[in-house]
Amino acid sequence: MIHFKLRELDKILPVGQEPNLSTSWFWLTDGDLWLKFGDQTIYEYSSEAINHWVNKPTPYNDYPLARFIEDFTELFDKFRETIPEEFYELTKDLNKFKSDSKKWLDIYDTDEDEYSDFYFEEYDKLISWTYQRTFDSGHLIGGPHLSFFRRNNKVRIVWDTEHILENGISLWTAKDGSFEMDYSDFVNKIKVFGQSFFAEMEKQIELAVSKEWGNIKIDKQRLVEEHKERKDDFFSTLLLLDQEPTDKTDWSEIKQLFNRMTNEIK
């Protein structure tokens, strides 16, 4: 499900400008990342995009994997919450729900330059359950939006990946879509990714500690300490996914807003 390949240590560029070059644990996680759900691969650039960027060495998103891990684990507490059946059904066509919600907003929000009370008190509360389970890959041009919705032992992953560059080229191979799988399998695959990633990073750190870095500043002791901290933090956060589902969302309020929206956009 989650695939990666770390960049070779000697090919990782330091940050800063001479004579103030440096690197750290974050930058040593540089590598390729791609996600596979069914027959779709997320974070895979189209052949046209690769040809456009002549020096693109791989077809995948290449950036420090630490950024993905930080964004992904931040949502774990919401991932484990099982949502009502009515709203889980809406995730089969999430774009329709978003489109209907926007129509409702347009009825009340007539000033395009200023958010109204309606935006915050009704519209935002109605859609909050979607964006609270979504990360947007905001560090990328046309970064995919991925959302994760759990219903008991099922989880549906919904992605919004279609992005056209200014020259008309489709950026990603994946089309907008979704994939459903058992929640227990989903959690297990995240565990497998974590075990594999931190094992590979262990090797990366060992190589970094033994390497002579010349004029590149690196705190080797801090590198070892941070690796342990990051690993412990990941697996302690991962425990959230195995805990009993929480129900922190006020679904009754959201359902009232949904019913009102449905009636008013008819």
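For clarity, every value in this text was computed on a predicted model and none was experimentally measured.

Engineer: Looking at this model, I keep getting lost on the overall build of the chain. Mind explaining?
Structural biologist: Of regular secondary structure, the chain possesses 10 helices and eight strands. C-alpha extents for the chain along the principal axes are approximately 70 × 50 × 35 Å. Buried residues in the chain amount to 44% of all 266 residues. Long-range pairs, those at least 24 residues apart, make up 73% of the contacts in the chain between residues at least 6 apart in sequence.

Engineer: Teacher, can you tell me more about the layout of surface pockets here?
Structural biologist: The computed volume of the largest pocket comes to approximately 340 Å³. Considering the residues around the largest pocket, the lining is formed by 19 residues, among which Leu-94, Asn-95, Lys-98, Ser-147 and Asp-160 are closest to the centre. Breaking the lining of the largest pocket down by element, the ones donating at least two residues are α6 (94–108), α7 (117–131), β6 (145–151), β7 (154–160) and β8 (177–182).

Engineer: What is the right way to read the sheet that holds β7 from this model?
Structural biologist: Adjacent strands of a sheet pair through backbone hydrogen bonds, lying either parallel or antiparallel. The strand order across the open sheet built from four strands is β5-β6-β7-β8, with neighbouring strands paired in antiparallel fashion. The open sheet has two edge strands with one neighbour each: β5 (134–135) and β8. The pairing of β5 with β6 spans two bridges and is classified as antiparallel. Each residue of the ladder has a partner; that of Thr-134, found in β6, is Ser-147. Across the sheet, helix α8 (residues 183–210) lies against β6, β7 and β8, angled at about 95° from β8, the strand it touches most.

Engineer: Teacher, can you tell me more about the side chain of Arg-133 here?
Structural biologist: Structurally, Arg-133 is set in the loop between α7 and β5. Leave out the neighbours within four places in its chain, and Arg-133 touches Leu-75, Lys-78, Phe-79, Glu-81, Ile-83, Leu-146, Ser-147, Phe-148, Phe-149, Thr-249 and Trp-251.

Engineer: How do you make sense of helix α3 (residues 65–73) when you look at a structure like this?
Structural biologist: Since the α-helix turns once every 3.6 residues, residues separated by three or four places project in the same direction. Along α3, the residues that are buried comprise Leu-65, Ala-66, Phe-68, Ile-69, Phe-72 and Thr-73. Taken end-on, α3 shows its buried residues confined to a sector of 160°, consistent with a single buried face.

Engineer: Help me understand the pattern of salt bridges in this model?
Structural biologist: Between side chains of opposite charge, pairing is possible as soon as their charged atoms come close. Under the defined criterion, the tally for this structure stands at 26 salt bridges. In this structure, the salt-bridge partner of Glu-122 is Arg-260, at a minimum N-O distance of 3.6 Å. On the criterion of sequence distance, the pair formed by Glu-122 in helix α7 and Arg-260 in helix α10 (residues 251–264) is long-range, its members being 138 residues apart. The class for Arg-260 is partly exposed, based on a relative accessible area of 29%. Salt bridges linked by common partners bring Arg-7, Asp-30 and Asp-62 together as one network.

Engineer: Looking at this model, I keep getting lost on the confidence of the model for the chain. Mind explaining?
Structural biologist: Detailed reading of the predicted coordinates is not advisable wherever pLDDT is low. Scored by pLDDT, the chain comes out at a mean of 92, with 98% of its residues at no less than 70. The least confident element of the chain is helix α2 (residues 47–52), whose mean pLDDT is 88; the most confident is α8, at 97.

Engineer: I would appreciate a short explanation of the environment of Lys-248 in the present structure.
Structural biologist: For Lys-248, the location among the structural elements is in the loop between α9 (220–238) and α10. Judged by relative accessible area, Lys-248 falls into the exposed class, the value being 58%. Residues in contact with Lys-248, not counting those within four places in the same chain, are Asp-77 and Glu-81. Among the polar contacts made by the side chain of Lys-248, one reaches the side chain of Asp-77 at a distance of 2.9 Å.

Thresholds applied
- Residues numbered from 1 in each chain as written.
- Predicted model: local features only at pLDDT ≥ 70, side-chain atom pairs only at ≥ 80, totals over all residues.
- Heavy atoms only, no water.
- Helix = DSSP H or I, 4+ residues; strand = E, 2+ residues; numbered from the N terminus.
- Buried < 20%, exposed > 50% of the residue type's maximum accessible area, 1.4 Å probe, protein only.
- Contact = heavy atoms within 4.5 Å.
- 1 Å grid on protein atoms, 1.4 Å probe; cavity = no way out; pocket = protein on both sides within 12 Å on 5 of 7 lines; lining within 4 Å.
- Points joined across faces, edges and corners; volume = space filled by probe spheres on them.
- Pairing = 2+ DSSP bridges.
- Axes fitted to C-alpha atoms, helices over the stretch in contact; angles between N-to-C directions.
- Arc of directions from axis to C-beta.
- Salt bridge = Lys/Arg side-chain N within 4 Å of Asp/Glu carboxyl O.
- pLDDT = per-residue confidence, 0-100.
- Polar contact = N/O pair within 3.5 Å; in protein donor to acceptor, adjacent residues only side chain to side chain.

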